[in-house]
Amino acid sequence: MLRYDDTGPGTGGDHEHVVVLSHGLLMDRTMFAPQVEALRHRARCITWDERGHGETDYDGAFSYWDSADDVVALLDHLEVDRAVLVGMSQGGFLSLRAALRHPERVAALVMYDSQAGPEDPAVAPLYDGMAAAWAADGADEATLDYVAHEILGPDVDAEPWKQTWRSQPRERAAQVIRPLLDREDLTDRLGEVACPVLVVHGTADTAIPVEKARAVADGVRDCRGLVLVEGAAHAAGLSHPDEVNAAIAELLDDL
């Protein structure tokens, strides 16, 4: 069962738009608190925990295509016909796949610190080994420091997230890393995306280089902008929420 939060209709303001925010690897729906707070009066905001993350358990192998079907199933459950999909990193991988497989359900796509390509083969063995060690023995402080640096960067307090990672079942690490490492390259399919696309990316993102964001912006048919958040690492919406929130709000106003 997917766990989610829904601001719902009738909480104030004009809820013409529905926005579904999908988190990155090892994160959960709470990472979007700054976005929900900023956008809830102009859109119905839905956040959810993906398979093997947060309060959503899952036992078995899955792909980001499965996760794309999950987000559409959530729309079905909430009786939402179409939504703006905002995806951070892994959330962007699944949201892109949802836009390709279920184009009639996606009003717009926000690729936030994400990309369309496969995992870098130079770092894939590092991630695989780290996840295997985490699953076998738990995450040591060096691993948690590395993960915090890659995802959060220097401008976000890492300790609450490190505590979350310590508290999660350790076997999740190996399970959730497989879709990341096994995902295919969709760069050549970007031209199939029918909806408007906004690309938001931190200039200091070391997990996904800025050129990957440029490739998305260049590859889609209807790019509504490439917003580079100066100095932001991989979780720009946490470290630089004002810039990210303003970019999403502008997209909503333009739709």
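Scoring rules and cut-offs
Residues numbered from 1 in each chain as written. Predicted model: local features only at pLDDT ≥ 70, side-chain atom pairs only at ≥ 80, totals over all residues. Heavy atoms only, no water. Axes fitted to C-alpha atoms, helices over the stretch in contact; angles between N-to-C directions. Helix = DSSP H or I, 4+ residues; strand = E, 2+ residues; numbered from the N terminus. Parallel < 35°, antiparallel > 145°, perpendicular 65-115°, else oblique. Contact = heavy atoms within 4.5 Å. Nonpolar A, V, L, I, M, F, W, Y, C, P; charged D, E, K, R; others polar. Buried < 20%, exposed > 50% of the residue type's maximum accessible area, 1.4 Å probe, protein only. Polar contact = N/O pair within 3.5 Å; in protein donor to acceptor, adjacent residues only side chain to side chain. Core = buried A, V, L, I, M, F, W, Y, C linked by side-chain atoms within 4.5 Å. Left-handed = near helix turned anticlockwise from the far one by under 90°. Phe/Tyr/Trp six-rings, centres within 6.5 Å; stacked < 30°, edge-to-face > 60°. Lys NZ or Arg CZ within 6 Å of the ring centre and 35° of its normal.

J.: Can you lay out the packing of helix H2 (residues 64–77) against helix H3 (residues 90–101) for me, pointing to particular residues and giving the numbers?
T.: Each pair of packed helices gets described by two things: the angle between the helix axes and the distance between those axes. Direction vectors running N to C along H2 and H3 enclose 75 degrees, while the axes themselves pass 8 Å from each other. As judged from the angle between their axes, H2 and H3 are roughly perpendicular. Touching Tyr-64, Trp-65, Ser-67, Ala-68, Asp-69 and Val-71 of H2 are Gln-90, Phe-93, Leu-94, Arg-97, Ala-98, Leu-100 and Arg-101, all from H3. A breakdown of the residues in the contact of H2 with H3 according to their chemical character gives 8 nonpolar, 2 polar and 3 charged.

J.: How would you summarise the environment of Ala-124 if you had to cite specific residues and measurements?
T.: Topologically, Ala-124 is positioned in helix H4 (residues 124–137). Note on Ala-124: relative accessible area 17%, which makes it buried. Between the alpha carbons of Ala-124 and Gly-87 there is a distance of 21 Å; along the sequence they are 37 residues apart. What Ala-124 contacts, discounting residues up to four positions off in sequence, is Glu-119 and Leu-181.

J.: So what about unusual backbone geometry? Which residues, and what values?
T.: Despite not being glycine, Ser-89 shows a phi value in the positive range, around 55 degrees. Within the secondary structure, Ser-89 sits in the loop between strand S4 (83–88) and H3. Of note, Asp-113 is a non-glycine position whose phi angle comes to about 50 degrees, a positive value. Note on placement: Asp-113 falls in the loop between strand S5 (106–112) and H4. Assessed through its relative accessible area of 0%, Asp-113 is described here as buried.

J.: Give me the lowdown on the side chain of Arg-105, citing residues and values where you can.
T.: Summarising the element assignment, Arg-105 is placed in the loop between H3 and S5. In this structure the side chain of Arg-105 is engaged in a polar contact, spanning 2.8 Å, whose partner is the backbone oxygen of Val-80. Residues within four places of Arg-105 in sequence aside, it is in contact with Val-72, Leu-75, Asp-76, Val-80, Asp-81, Arg-82 and Ala-83.

J.: Any details on the nonpolar core? Residues and values, ideally.
T.: Formed by 53 residues in total, the largest nonpolar core has its most connected members in Met-31, Val-84, Val-110, Tyr-112, Ile-151, Leu-152 and Trp-165. In this view, Trp-165 contacts Leu-26, Met-27, Trp-134, Leu-144, Val-147, Ala-148, Ile-151 and Leu-152; residues no more than four positions away in its chain are not counted.

J.: Outline the packing of H4 against helix H5 (residues 141–151), listing residues and values.
T.: It is the contact of H4 with H5, at a shortest axis distance of 12 Å, that shows an interaxial angle of 135 degrees. Relative to H5, the element H4 lies oblique. Our pair here, H4 against H5, has a crossing hand that is left-handed. When H4 is examined against H5, the residues Leu-126, Tyr-127, Met-130 and Trp-134 are found in contact with a partner set consisting of Thr-143, Leu-144, Tyr-146, Val-147 and Glu-150.

J.: With reference to specific residues and values, describe the packing of aromatic side chains.
T.: All told, the structure shown has 2 aromatic pairs when counted by the stated rule. With 5.7 Å between their ring centres and 85 degrees between their planes, Tyr-58 and Phe-62 make a pair best called edge-to-face. What makes Tyr-58 partly exposed here is its relative accessible area of 32%. For Phe-62, a relative accessible area of 11% corresponds to the buried category. The side chain of Arg-97 reaches across the aromatic face of Trp-65, ending 5.6 Å from its centre. The cationic tip of Arg-183 hangs over the ring face of Phe-93; the distance from NZ or CZ to the ring centre is 4.0 Å.

So, to be careful, I would describe these as geometric facts and stop short of saying anything about function.
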